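Observations on the model geometry
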Amino acid sequence: MPRRRLWAVGRFDDVRAALRADNLLISGKGVAANRLVNSRSAPITLTSDAETHARRRQILIQPLMPPPLKELRARLEAEADRLVRELATGSWFDAMTSFAAHLPVTVVAELVGLNEEGRRQMLRWAASTFNLLGVLNARGLAAMPDLLNLSRYVETLRRQDVMPGGWADKLFDAAARGDITPEEANAMVIDYVAPALDTTILATGHMLWLLATTPGAYDELCAEPALIPGIVNEAVRLASPIRGFTRYAAADVELASTVIPKGSRALILFASANRDERHYPDPDKFDIRRNPRDHVGWGHGTHSCVGMHLARLEMEILLASLVRHVGRIETGTPVATWNNVLQGFEKLPAIFHPRALAA
């Protein structure tokens, strides 16, 4: 991609190989598709390598390990059931704001534990952060004030500003133990703010649309709820809410008989890999029995998404609630979101026909 001075990596095998070569294609020099943002990378997990990355990731992932998620399940199930019953009235609603965003915005944002200002701006900050990780076009430049606002917020954040016992508070715990520096603790709040909401919301909305618009898919799911985990994988494969991130070539890197020269930057296209016909037969088809466990919708290798188990749990629980309470899903014409890195729907009109009245 000469205009952007980027090498594009899009085939499934090449993308997986590139993501595994984290000692050659590194993240420590930033993962954006523009020099300005890469030159200002904060000390966070996303933009770190080797021991530094492992140390930060180990701290960041603690609330997202199986034991804490097991404790969270009952609360998510109760909230999802309440939500779906409330929406199953046979009337139109916006599925992105009322359905897909509900668990991330109400439960996950609370778990992060920011103060009122932080919770109020999380969605805006996340969307702007992803816009700035793309090329520095007009959309990216327009997002710059939000990034500066987020940077100021985390730099001035103090322990008394966050909820005791919340995820952000645990970062301050780690700093007090000396596992990370105070500067890292503040900056790593961004690791929770940016990915915790938008990606799950976009994947969930796309999953709902696929079930509603693929003939027979929802009926088959209702008849066989054991398909739920595989459907989540298939939906994330097709949704690929993050198009891709860049990596910096710390040395010459050979991929598919092509050499990416040292000092170059490669754009690793997750969304392209997930629709590679060499790996997935009929890749644009939503096949609820495919269960593509190897998709790269949540990344792959050392830098795979820290929150993917939580995202999967949220999506599986929402599907289970739909099966219990909704007999038929109807959707209107979706409105695409415009973002330099994220893809999905901004709006999705939907109707949940309650099970007893679905016929």
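Fair warning: this is a prediction, and the values are worked out from it, not measured in the lab.

**Brief notes about the packing of aromatic side chains**
Applying the stated criterion across every chain yields a total of eight aromatic pairs. On the numbers, 5.4 Å between centres and 90° between planes, the contact of Phe 99 with Phe 352 is edge-to-face. Of this pair, Phe 99 sits in helix H5 (residues 95-100) while Phe 352 sits in strand E11 (residues 349-354); the two residues are 253 residues apart in sequence, bridging distant segments of the chain. An identical accessibility class is assigned to Phe 99 and Phe 352; each is buried. Judged by centre distance (6.5 Å) and plane angle (5°), the rings of Phe 130 and Phe 245 are stacked. Separated by 115 residues along the polypeptide, Phe 130 in helix H7 (residues 116-132) and Phe 245 in strand E4 (residues 244-249) bring together distant segments of the chain. Both residues of the pair, Phe 130 and Phe 245, belong to the buried class. Through a chain of ring-to-ring contacts, three or more aromatic side chains come together here, namely Phe 93, Phe 99 and Phe 352. One residue, Lys 29, lies across the ring of Tyr 248, its end atom 5.3 Å from the ring centre.

**Some details on helix H17 (residues 308-325)**
Here H17 contains 18 residues, and its C-alpha end-to-end distance of 26 Å stays within 8% of the 26 Å for a straight helix at 1.5 Å per residue. Here H17 lies mainly inside the structure; 13 of its 18 residues are buried.

**Details of the side chain of Asp 94**
Positionally, Asp 94 belongs in strand E3 (residues 92-94). The side chain of Asp 94 is buried and forms no salt bridge, while Lys 347, the nearest opposite charge, is found at 6.6 Å. Beyond its immediate stretch of four places on either side in the chain, Asp 94 contacts Phe 99, Glu 346, Lys 347 and Leu 348.

What counts, and where the lines are drawn
Residues numbered from 1 in each chain as written. Predicted model: local features only at pLDDT ≥ 70, side-chain atom pairs only at ≥ 80, totals over all residues. Heavy atoms only, no water. Phe/Tyr/Trp six-rings, centres within 6.5 Å; stacked < 30°, edge-to-face > 60°. Helix = DSSP H or I, 4+ residues; strand = E, 2+ residues; numbered from the N terminus. Buried < 20%, exposed > 50% of the residue type's maximum accessible area, 1.4 Å probe, protein only. Lys NZ or Arg CZ within 6 Å of the ring centre and 35° of its normal. Expected span 1.5 Å × (residues − 1). Lys, Arg positive; Asp, Glu negative; His and termini not counted. Salt bridge = Lys/Arg side-chain N within 4 Å of Asp/Glu carboxyl O. Contact = heavy atoms within 4.5 Å.

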